[in-house]
Amino acid sequence: MEGNRVEIDGGIMEGGGQILRVSTALSCLLGLPLRVHRIRAGRSQPGLRPQHLSGLEIIRDLCEGKLEGGEIGSTEIIFTPGKIKGGTHIADTKTAGSVCLLMQVAMPCVLFAASPSELHLKGGTNAEMAPQIDYTVMVFKPIAEKFNFTFNCDIKRRGYYPQGGGEVVVQMSPVKELSPINLTERGTVTKIYGRAFVAGALPIKLAKDMSAAAVRCIRKEIRDLYINIQPVREPDDQAFGTGSGIIIVAETSTGCLLAGSSLGKRGKNSDKVGIEAAEILLKNLKHGGTVDDSLQDQLIIFMALAKGVSRVKTGPITLHTQTAIHFAEQLTKAKFTVTKLEEEDPSKDTYIIECQGMGMMNPNL
């Protein structure tokens, strides 16, 4: 197999953990041995962090593969995949590393396993530089399921920076193949809702302040819509550590979901947290696309695997998305085209991402 090994440069484009997630998931699915070098080359702490290592380990376990170079700080790995099997798997970052990013690497693989899977993912549920678990459940899940699979995500315990300590259980059954998606009609915004949360030592007043500030900010742009952002205090037995944050979702008449979110941290005013999330949501609503900039790149791997042509209308293409497309094309036979929509409102920066998927078939079903 040495001769067939795919070489991946982990330092190009976005240059972070995403390259590892996309390429190892596809390596596992396609049975392609892989060498990734210059891992996170441009980062302040290059090489594998605990979260990336946990992601690699769960992929290795899912397919009884072989991982060389799997230690913290390693800038090169060699991965040799085996056959994907279902069953119960545990991944624990032992830090506040994001459970959502663990889910991103494992999910495409378990869809093509031989039997149903249950993933116990441990770490941070609401972490910086990653989607919050609320985003995964409220936005990613309903849209990703349009590819014709379903999953159950049970938040056992929430965990925050710096200790983590959260746990999420994901249950999924395998599919024969994925259907393409067509998300090109935005429709009009019909409702805006969300949750502002505090956990641990923080008072509920902070959640109420975040919510109120977010509503005031949205009201300046959108006057006539009911906005329901619930302030919540996470129950002590369901949250580890102290944390706060907010997620706001806009739902449209065609079933699109776009969001804005923000996390509280020491010294950051709670009004500011609410306003930040509201501004991200408003920015996502302005471009006229059907997905927000956090969902954009998460759909790429599924578009690449699906059978047929997928089309998604988006705002400006993020570097994460460009990176995901680059590696999806390098490893699969999928073909992507990105077209700027000139004929629409020129003040809007809108694009269509189109993909002729490779039509991955589950050999086990």
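Residues numbered from 1 in each chain as written. Predicted model: local features only at pLDDT ≥ 70, side-chain atom pairs only at ≥ 80, totals over all residues. Heavy atoms only, no water.

- For the protein, an unreviewed UniProt entry supplies the name RNA 3'-terminal phosphate cyclase and the organism Galbula dea.
- Of the protein, the UniProt comment under Catalytic activity (unreviewed entry) reads exactly: "a 3'-end 3'-phospho-ribonucleotide-RNA + ATP = a 3'-end 2',3'-cyclophospho-ribonucleotide-RNA + AMP + diphosphate".
- Regarding the protein, the UniProt comment filed under Sequence similarities (unreviewed entry) reads as follows: "Belongs to the RNA 3'-terminal cyclase family. Type 1 subfamily." (UniProt positions renumbered as here; feature names shortened; annotations may be inferred.)

Things to note about the overall build of the protein
Here's step 1: When its secondary structure is counted, the protein shows eight helices and 17 strands.
Here's step 2: Principal-axis analysis of the C-alpha atoms places the extent of the protein at approximately 60 × 50 × 40 Å.
Here's step 3: Split into buried and exposed, the 365 residues of the protein put 53% on the buried side.
Here's step 4: Accessible surface, the protein as shown: approximately 15100 Å² in total, 51% of it carbon and sulfur.
Here's step 5: The positive charge centre, built from 42 side chains, and the negative charge centre, built from 39, are 2 Å apart in the protein. (Helix = DSSP H or I, 4+ residues; strand = E, 2+ residues; numbered from the N terminus. Buried < 20%, exposed > 50% of the residue type's maximum accessible area, 1.4 Å probe, protein only. Areas by Shrake-Rupley, 256 points an atom, 1.4 Å probe, with all protein chains shown as cover. Lys, Arg positive; Asp, Glu negative; His and termini not counted. Charge placed at Lys NZ, Arg CZ, Asp CG, Glu CD.)

Details of the layout of surface pockets
By rolling a water-sized probe across the atoms, one finds the places where empty space is left.
Here's step 1: Computed from the structure, the largest pocket encloses a volume of approximately 1400 Å³.
Here's step 2: At five residues, strand β14 (residues 257-263) tops the list of elements feeding residues into the lining of the largest pocket.
Here's step 3: Class assignment for the residues of the lining of the largest pocket results in 13 nonpolar, 19 polar and 12 charged.
Here's step 4: Two domains each donate at least three residues to the lining of the largest pocket, and these are domain 1 (6-183 + 291-358) and domain 2 (189-286).
Here's step 5: Roughly 420 Å³ of internal volume is contained in the second largest pocket.
Here's step 6: Forming the boundary of the second largest pocket are 18 residues, of which Thr242, Gly243, Gly264, Lys265 and Arg266 lie nearest the centre.
Here's step 7: Listing elements by their share of the lining of the second largest pocket, those giving two or more residues are α5 (204-219), β13 (243-252) and α6 (270-286).
Here's step 8: In the lining of the second largest pocket, the residues fall into eight nonpolar, six polar and four charged. (1 Å grid on protein atoms, 1.4 Å probe; cavity = no way out; pocket = protein on both sides within 12 Å on 5 of 7 lines; lining within 4 Å. Points joined across faces, edges and corners; volume = space filled by probe spheres on them. Nonpolar A, V, L, I, M, F, W, Y, C, P; charged D, E, K, R; others polar. Domains from an automatic or database assignment.)

Quick notes on unusual backbone geometry
Here's step 1: Residues Tyr161 and Pro162 are joined by a peptide bond in cis, for which omega reads 5°.
Here's step 2: At Arg40, a residue that is not glycine, the phi angle is positive and equals roughly 50°.
Here's step 3: Assignment of secondary structure puts Arg40 in the loop between β2 (34-37) and α2 (50-62).
Here's step 4: Positive phi, close to 55°, is recorded for Lys94, a residue that is not glycine.
Here's step 5: Structurally, Lys94 can be placed in the loop between β5 (87-92) and α3 (99-110).

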